[in-house]
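Remarks on the overall topology
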Amino acid sequence: MGRLFVVNLEGKIYSCKHCRTHLAICEDIVSKSFHSRHGKAYLFSKVVNVTMGEKEERMMMTGRHTVVDIFCVGCGSIVGWKYETAHEKAQKYKEGKSVLERFKVSGPDGSSYWANHEVSQHVGGSDADDV
């Protein structure tokens, strides 16, 4: 394994809750109205320090999407997913953007988000609630 290069961000930072590796900044939030299996999730225009898994088709609340899971480069924990392709015209704005699950990251103030046990398990993944 080679040397690990990590981007250090400045400002209000979201980081991996396990190893504190920087992942995104507040200014890159596109939407806070997304939901995941573990509760709230935020859509970001840009994330750093992640690796991507294999492309897969998922049926989400807003339709079919091609996505890849994203993993923290520091510890390998899954932190969310990235939209590769949205198959419905109204969802095209998501392409190339990433979702970080609040349950899996620490917020700018160091806070962690705890899962809402009332959140239903959606078949095939999760998506924005702005349908």
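Our subject is the structure that appears above.
Not measured: the values here are computed from a predicted model.

Reading guide: rules and limits
- Along each chain, residues carry numbers from 1 onward, in the same order as the chain's sequence is written.
- This being a predicted model, a pLDDT of at least 70 is required before a residue's local features are given, and a value of 80 or more before pairs of side-chain atoms are given or counted; all residues contribute to the totals for chains, interfaces and linings.
- Water and hydrogen atoms were dropped before computing side-chain values, which therefore reflect all heavy atoms in the structure.
- In DSSP terms, a helix is any run of H or I states spanning at least four residues, a strand is any run of E spanning at least two, and both are numbered starting from the N terminus.
- In what follows, a contact means two residues having at least one pair of non-hydrogen atoms within 4.5 Å.
- All accessibility values rest on the Shrake-Rupley procedure with a 1.4 Å probe; residue burial counts only the protein chains present in the view.
- What makes a salt bridge here is a side-chain nitrogen of Lys or Arg within 4 Å of a carboxyl oxygen of Asp or Glu, nothing more.
- Relative accessibility under 20% of the residue-type maximum defines a buried residue, over 50% an exposed one, and the middle range a partly exposed one, all with a 1.4 Å probe and only protein chains included.
- Criterion used throughout: strands pair if DSSP finds at least two bridges between them.

Attention now moves to the overall build of the chain. Looking only at helices and strands, one finds zero helices and ten strands in the chain. Reading the chain from its N end, one meets helices and strands in the order β-β-β-β-β-β-β-β-β-β. Residue pairs in contact within the chain that sit at least 24 positions apart in sequence constitute 51% of those at least 6 positions apart. When the accessible surface of the chain is split by element, carbon and sulfur atoms take 50% of a total near 7,300 Å².

Take the pattern of salt bridges next. Tallied over the entire structure, the rule returns five salt bridges. With its nearest N and O atoms 2.5 Å apart, the salt bridge here joins D69 to R58. Within this pair, whereas D69 is found in strand β7 (residues 63–72), its partner R58 is found in strand β6 (residues 56–60), the two being separated by eleven residues in sequence. Residues D69 and R58 agree in their burial class; the two are buried. The closest approach of N and O atoms between K92 and E95, which form a salt bridge, is 3.2 Å. In this structure K92 comes out as partly exposed when scored by relative accessible area, which is 39%. E95 gets classed as partly exposed once you look at its relative accessible area, which sits at 30%.

This next bit is on the pairing of strand β1 (residues 13–16). Pairing between β1 and strand β2 (residues 22–25): three bridges, direction antiparallel. In the sheet register, S15 faces β2, and the bridge partner there is H22. Here β1 folds back onto β2 in antiparallel fashion, the turn holding five residues, of which R20 has a positive phi close to 70°. In this structure, β1 lies alongside strand β10 (residues 105–106), joined through two bridges in antiparallel fashion. By the bridge assignment for β10, C16 is matched with V105.

As far as function goes, none of this settles anything; it's purely spatial.
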